[in-house]
Amino acid sequence: MLTRIAVLVSGGGTNLQALIDARRAGALPSGEIVLVISSRADAYALERAKSAGIESAVCKTEDEILALITEKKIDLIILAGYMSILSADFTARFPQRIINIHPSLIPAFCGKGYYGLHVHEAALSYGVKVTGATVHYVNEIPDGGKIILQKAVDVEPGDTPETLQQRVMRQAEWVILPRAAELCCAKIKKEREA
Ligand code: GRF
C-alpha cells in the first residue's frame, strides 16, 4: 500500500508541482499525494492540485487540518511553502511524520522570521558565497527538526533576493523535496509492512 501524502501550501505551489512531476516521472514510487491543504483560498497551488486531479481544501484552523488528515488517513504531511506555524500540540501528534522544505542550509538563516525572500535577503546581506535548501522533520522548534537532505547552491555576483530565490528553488528545493519525500514514504511503507 502506498504512503498517503498531504501537502500543505500557502502560495505559488512550485514545490507541490515538483512533487506532482516526480510522482508522474516514477521518482516517488512509494507515495501518492491524496490531499492538498492551503491556508489561503487564493493560493495558485490550489490550481496546480486541481490540474493534477488531487483533492484540495482551504483550512483556516489546525482543528480543520487535523479532521481532514484523520479522515483521509494521511501518513506523511509535507509543508511546501506553507506559511503558518503549526503548534507544538499539532506537531507532537505526528513525530517524524511532518517534513518541511526551507530555502537555506540550516542552521544558517532559519527560525523565526526567516521565510520566503527574507531568507535570501539575509544570505546576501551576510555575504555568503554558498547557500541552498534543506528538508527537515518538523517539531516544536521552527526549522529545528532533524535534517533529512540538503543541497548547496552558489551565490552569483549581482544576485538579488529574487534571482537567488529562483536559483535555490530550481537547483535545490525542487530536487531534494521529491527525493526526501520518497525516502520518508519508503521508510513508512517498510515500517508498515514489517
Ligand atoms: C519558497 O520561497 C520556498 O523556498 C518556501 O516557500 C516559498 C514558496 O514556495 N518553502 P512554493 O512555490 O509555494 O512551493
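This text gives an overview of the structure that appears in the document. (Residues numbered from 1 in each chain as written. Predicted model: local features only at pLDDT ≥ 70, side-chain atom pairs only at ≥ 80, totals over all residues. Heavy atoms only, no water.)

1. Let's talk about the site of the ligand
For clarity, the threshold we go by: Residue proximity to a molecule or strand is established when one non-hydrogen atom of the residue lies within 4 Å of it. Contacts described as polar in this section are N or O atom pairs within 3.5 Å, which, within protein, must combine one atom able to donate a hydrogen with one able to accept it, while residues neighboring in sequence count only if both atoms come from side chains. Per-residue and other accessible areas follow the Shrake-Rupley method at a 1.4 Å probe size, with only the shown protein chains counted as cover for residues. Cavity means a closed set of points on a 1 Å grid over the protein atoms alone, one where a 1.4 Å probe fits but cannot get out, pocket means an open set with protein on both sides within 12 Å along at least 5 of 7 lines, and lining means a residue has an atom within 4 Å of a point. Those molecules having more than half of their atoms within 2 Å of a cavity or pocket grid point set are described as sitting in that cavity or pocket. In this text, helices come from DSSP runs of H or I with a minimum length of four residues, and strands from runs of E with a minimum of two, each type numbered from the N-terminal end. Under the scheme applied, nonpolar residues are Ala, Val, Leu, Ile, Met, Phe, Trp, Tyr, Cys and Pro; charged residues are Asp, Glu, Lys and Arg; polar residues are all the others, including Gly.
Taken together, Gly 11, Gly 12, Gly 13, Thr 14, Asn 15, Gly 81, Ile 101, Pro 103, Gly 116, Gln 165, Met 169 and Glu 173 make up all the residues around the ligand. Here an oxygen atom of the ligand and a backbone polar atom of Gly 13 are 2.9 Å apart. Compared with its free state, where it exposes 360 Å², the ligand has 91% of that area covered by protein. In a pocket analysis with a 2 Å cut-off to the grid points, the ligand is assigned to the largest pocket. Of all the elements in the fold, those that place two or more residues in the shell around the ligand are helix H1 (14-24) and helix H6 (161-193). When residues in the shell around the ligand are grouped by element, the largest group, three residues, is from H6. Partitioned by chemical class, the residues of the shell around the ligand number three nonpolar, eight polar and one charged.

2. Things to note about the layout of surface pockets
The following threshold applies: Grid points are joined across faces, edges and corners, and a volume is the space filled by probe spheres set on the points.
Approximately 790 Å³ is the volume attributed to the largest pocket. What lines the largest pocket is a set of 38 residues, and nearest its centre among them are Gly 81, Tyr 82, Met 83, Asn 100 and Tyr 115. For the lining of the largest pocket, the secondary structure elements donating two or more residues are H1, strand S5 (98-102) and H6.

3. Observations regarding the nonpolar core
The line we're drawing: Working definition of a nonpolar core: buried Ala, Val, Leu, Ile, Met, Phe, Trp, Tyr and Cys residues. They are joined through side-chain atoms within 4.5 Å. Accessibility here uses a 1.4 Å probe with only protein chains present; expressed as a share of the type maximum, an area under 20% marks a residue as buried, one over 50% as exposed, and anything in between as partly exposed. In what follows, a contact means two residues having at least one pair of non-hydrogen atoms within 4.5 Å.
Counting 38 residues, the largest nonpolar core has Val 7, Ile 78 and Ile 99 as its most contacted members. Looking at this core, the element that brings in the most residues is H6, giving ten residues. If we skip the residues at most four places from it in the chain, Val 7 touches Leu 16, Leu 19, Ile 33, Leu 35, Val 36, Ile 37, Ile 78 and Ala 80. In this structure, Ile 65, Leu 68, Ile 74 and Val 138 belong to the second largest nonpolar core, which totals 19 residues.

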